[in-house]
Amino acid sequence: MGFVIQNAVAHEVGLGQPFDRFKALWVDPSPENQVVFATLVEAEFTKKQYVYGVCNPFRISPDGYTMDQYFLDRPGNAAIQLVLGYDYRHNVEQYPIWQQYLRTHQPPTLIAWGKNDFNFTLAGAYALARELTCAELELLCGGHFVLEEESWTVSELIKSFFCRVYGF
């Protein structure tokens with residue numbers, strides 16, 4: 001057993017600037033904060049998650065963010081995203097439990113991170129690595145969806161990591 005973690009956090013320190021909108025919503029789910037939060041499902045933000053911080057823009061197909069936005073724009077979905085955003089506070093409350101799991105069980109873990117991610121920051125990657133004794137942290141030149149431009153690299157890292165850890 002082991003983990004591959006790609007730009008996903010288990011420490012509040014790893015929550016980037018967009019999470020300021022989540023946090024404001026958690027403290028005060030007022031109509032004003034709901035409107036601000038709703039900008040996170042607009043086309044401009046969806047595309048930004050794919051293209052911000054990339055190192056090889058020619059590898060980023062517009063299909064990804066176009067399809068994401070198509071589904072985000074479905075009738076009723078804005079309300080669903082608002083509920084999910086408000087509920088995400090429960091994930092953050094669970095972070096200490098996740099951290100304790102990592103410290104206790106020490107699963108071999110490959111952390112493959114787009115170092116220019118503005119959603120989940122490098123601080124989150126480093127915090128994960130500090131929890132684990134058998135972890136490999138690979139900082140890749142890329143953004144939040146680093147697999148969009150570095151899928152081959154990450155697949156090679158996964159194969160190499162688990163071959164070293166488990167000998168296959």
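In this text, all values refer to a predicted model and were calculated from it rather than measured experimentally.

A. Layout of helix α6 (residues 122–131). All of the buried residues in α6 are G124, A125, A127, L128 and E131. Viewed along the axis of α6, the buried residues span an arc of 165 degrees, placing them on a single side of the element. At its buried positions, α6 is contacted by β1 (3–5), α5 (77–105), β2 (109–114) and β3 (135–140).

B. Layout of a nonpolar patch on the surface. Among the surface-exposed residues, M1, Y101, Y166 and F168 lie close enough to one another that they form a single nonpolar patch of about 470 Å² accessible area. One can find Y101 in helix α5. Taking relative accessible area as the criterion, Y101 reaches 31% and is therefore assigned partly exposed.

C. Expanded view of the environment of V54. Relative to the helices and strands, V54 is located in the loop between α3 (43–51) and α4 (62–72). Along the primary structure V54 and A78 are separated by 24 residues, whereas in three dimensions their C-alpha atoms are 27 Å apart. Dropping the residues within four chain positions of it, V54 is found in contact with I60, G142, G143 and E149.

D. Representation of the nonpolar core within the structure. Core analysis: the largest hydrophobic core is formed by 22 residues, its most contacted members being L15, F22, Y88, W113, F120 and L128. Setting aside residues no more than four positions away along its own chain, F120 makes contact with N7, A8, V9, G14, L15, F19, Y88, W113 and H144. Counting residues in hydrophobic clusters, the runner-up holds 8 residues, among them L110, L140, L157 and F162.

E. Inspection of the packing of helix α1 (residues 19–27) against helix α2 (residues 31–38) at higher detail. Closest axis-to-axis distance for the α1/α2 pair is 9 Å, and the angle between their directions is 155 degrees. Accordingly, the angle class assigned to the pair α1 and α2 is roughly antiparallel. In the crossing of α1 with α2, the sense of the turn from one axis to the other is left-handed. Contact residues: R21, F22, A24 and L25 in α1; N33, Q34, V36 and F37 in α2. Taken together, the residues of the contact of α1 with α2 break down into 5 nonpolar, 2 polar and 1 charged.

F. Inspection of unusual backbone geometry at higher detail. The backbone of N7 sits at a positive phi, close to 50 degrees, despite the residue not being glycine. Tracing the backbone through its elements, the reader meets N7 in the loop between β1 and α1. Residue classification places N7 among the buried residues on the basis of a relative accessible area of 4%. Despite not being glycine, Q106 shows a phi value in the positive range, around 45 degrees. With respect to the secondary-structure elements, Q106 resides in the loop between α5 and β2.

G. Here's a closer look at the packing of α3 against α4. At a minimum axis separation of 9 Å, α3 and α4 run at an interaxial angle of 145 degrees. Crossing of α3 against α4: the hand is right-handed. Here A43, T46, K47, Y50 and V51 of α3 lie close against α4, whose contacting residues are G64, Y65, D68, Q69 and L72. Looking at the contact of α3 with α4 residue by residue, the classes come out as 5 nonpolar, 3 polar and 2 charged.

H. Structural detail: the environment of W98. With respect to the helices and strands, the residue W98 is situated in helix α5. For W98, a relative accessible area of 33% gives the class partly exposed. Expressed as a C-alpha distance, the spacing of W98 and A10, which sit 88 residues apart in the sequence, is 6.5 Å. If we skip the residues at most four places from it in the chain, W98 touches V9, A10 and N91.

Definitions and limits used
Residues numbered from 1 in each chain as written. Predicted model: local features only at pLDDT ≥ 70, side-chain atom pairs only at ≥ 80, totals over all residues. Heavy atoms only, no water. Buried < 20%, exposed > 50% of the residue type's maximum accessible area, 1.4 Å probe, protein only. Helix = DSSP H or I, 4+ residues; strand = E, 2+ residues; numbered from the N terminus. Arc of directions from axis to C-beta. Contact = heavy atoms within 4.5 Å. Patch = residues over 30% accessible without salt bridge, like charges linked within 9 Å, V, L, I, M, F, W, Y side chains within 5 Å. Areas by Shrake-Rupley, 256 points an atom, 1.4 Å probe, with all protein chains shown as cover. Salt bridge = Lys/Arg side-chain N within 4 Å of Asp/Glu carboxyl O. Core = buried A, V, L, I, M, F, W, Y, C linked by side-chain atoms within 4.5 Å. Axes fitted to C-alpha atoms, helices over the stretch in contact; angles between N-to-C directions. Parallel < 35°, antiparallel > 145°, perpendicular 65-115°, else oblique. Left-handed = near helix turned anticlockwise from the far one by under 90°. Nonpolar A, V, L, I, M, F, W, Y, C, P; charged D, E, K, R; others polar.

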